[in-house]
Amino acid sequence: MNKCDEPKKGYESLSASYRYWAEREPGRAQEWKKKFDWALERAQQYADRLGVDREKVLEAWESDRDYWYVNYYQESNQPSLEGKNVVTLAEWEAEGERLYGKERLEWKFRCPACGNVQTARMFKDAGKDPHLCYINCASRYGLGGRKDCKWTTGGLLNIGGRYVIDKKFVPRLIFEFADKENMIYGV
Ligand SMILES: [Zn+2]
């Protein structure tokens, strides 16, 4: 297929995928339709929450999607934002700067499990990826006060942090800024 013939990324490409499968496997058309509708509804939820057009969300998701829409659109990839602490990347960046200034290496994050306060600088100085500072407890690497905390936002218990919606409209669960109160277990 010539690139010019490809449907535009967004509603157009998603509905083209759905129609392709509905025609190819009419016996399961209901199933394909259900997933198509789910994706549209979820995109609408994100759009409403973030104050953007649904097409903008679909455009980002469809540009990111490089496999079957039926597998791509699911709760673990586009989790419901209902009842969650959600901010946009721009809001999060503004808040970080307000709290700690422009130097991101000095931004402080708090592990929600043990209360460890950590910065990207700590990770960098220890030769670790600085981005780990808001998803993994520093004590995993022998940094910070506690030595026995293995907390990560990649674990099964997705609580105790906040979701930052990145430019692809994907929510990333990260630790809260240290100077906010969101402790779940206490120190
Ligand atoms: Zn911890």
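Residues numbered from 1 in each chain as written. Predicted model: local features only at pLDDT ≥ 70, side-chain atom pairs only at ≥ 80, totals over all residues.

Caption draft 1: Region of the structure containing the packing of helix α1 (residues 11-24) against helix α2 (residues 29-50). It is at 9 Å that the axes of α1 and α2 come closest, and there the two elements cross at 170°. In terms of orientation, α1 and α2 fall into the roughly antiparallel class. Residues L14, Y18, W21 and A22 of α1 lie in contact with α2, whose contacting residues are A29, W32, K33, F36 and A39. For the contact of α1 with α2, the class distribution of residues is eight nonpolar, no polar and one charged. (Axes fitted to C-alpha atoms, helices over the stretch in contact; angles between N-to-C directions. Helix = DSSP H or I, 4+ residues; strand = E, 2+ residues; numbered from the N terminus. Parallel < 35°, antiparallel > 145°, perpendicular 65-115°, else oblique. Contact = placed C-beta atoms within 7 Å. Nonpolar A, V, L, I, M, F, W, Y, C, P; charged D, E, K, R; others polar.)

Caption draft 2: Molecular detail of the nonpolar core. If you look at the biggest cluster of nonpolar residues, it comprises 19 residues, and the most contacted ones within it are L14, Y18, A43, V57, W61 and F169. Contributing elements (two or more residues each) for this core: α1, α2, α3 (54-64) and β4 (162-165). For this core, the leading source of residues is α2, giving five residues. Mapped onto the domain boundaries, this core takes at least three residues apiece from domain 1 (3-72) and domain 2 (86-177). Those residues within four positions of V57 in sequence are excluded, and the remaining contacts are A43, Y46, A47, V52 and F169. Counting residues in each nonpolar core, the second largest holds 15 residues, with C114, M122, F123 and W151 among its members. (Core = buried A, V, L, I, M, F, W, Y, C linked by C-beta atoms within 7 Å. Buried ≥ 20, exposed ≤ 12 C-beta atoms within 10 Å, placed from the backbone. Domains from an automatic or database assignment.)

Caption draft 3: How the structure looks around α3. Along α3, the residues that are buried comprise V57, L58, E59, A60, W61 and E62. Turning to α3, the residues buried within the fold contact α1 and α2.

Caption draft 4: Focus on the sheet that holds strand β6 (residues 176-177). Taken together, the three strands give an open sheet; going across it, the order is β3-β2-β6, and neighbouring strands pair in antiparallel fashion. Edge strands, defined here as strands with exactly one partner in the open sheet, are β3 (117-119) and β6. By the bridge criterion, three bridges tie strand β2 (residues 108-110) to β3 in an arrangement that is antiparallel. By the bridge assignment for β3, R110 is matched with V117. (Pairing = 2+ DSSP bridges.)

Caption draft 5: Spatial organisation of the sheet that holds strand β1 (residues 86-88). One open sheet holds the three strands; their spatial order is β1-β4-β5, and the pairing between them is mixed. The two strands at the open ends of the sheet, each matched to only one other strand, are β1 and β5 (171-174). Ignoring which end each strand starts from, the neighbouring axes of this sheet average 30° apart. Inspection of the sheet shows β1 paired to β4 by three bridges, in the parallel sense. Across the sheet, the residue bridging to V86 is Y163, located in β4.

Caption draft 6: Representation of unusual backbone geometry in the model. Of note in the backbone geometry, F169 takes a positive phi value of approximately 60° without being a glycine. Within the secondary structure, F169 is located in the loop between β4 and β5.

Caption draft 7: View of helix α5 (residues 89-100). Taking 1.5 Å of rise per residue, twelve residues should cover 16 Å, and α5 covers 16 Å from first to last C-alpha, within 8% of that figure. Just downstream of α5, G101 is the residue with a positive phi angle, here 95°. (Expected span 1.5 Å × (residues − 1).)

Caption draft 8: Structural detail: the confidence of the model for the protein. When pLDDT is averaged along the protein, the result is 89, and 90% of the positions lie at 70 or above. Long-range and interchain partners of residues 182-187, a stretch whose pLDDT sits below 50, account for eleven contacts in this model, where long-range means more than four residues apart. (pLDDT = per-residue confidence, 0-100.)

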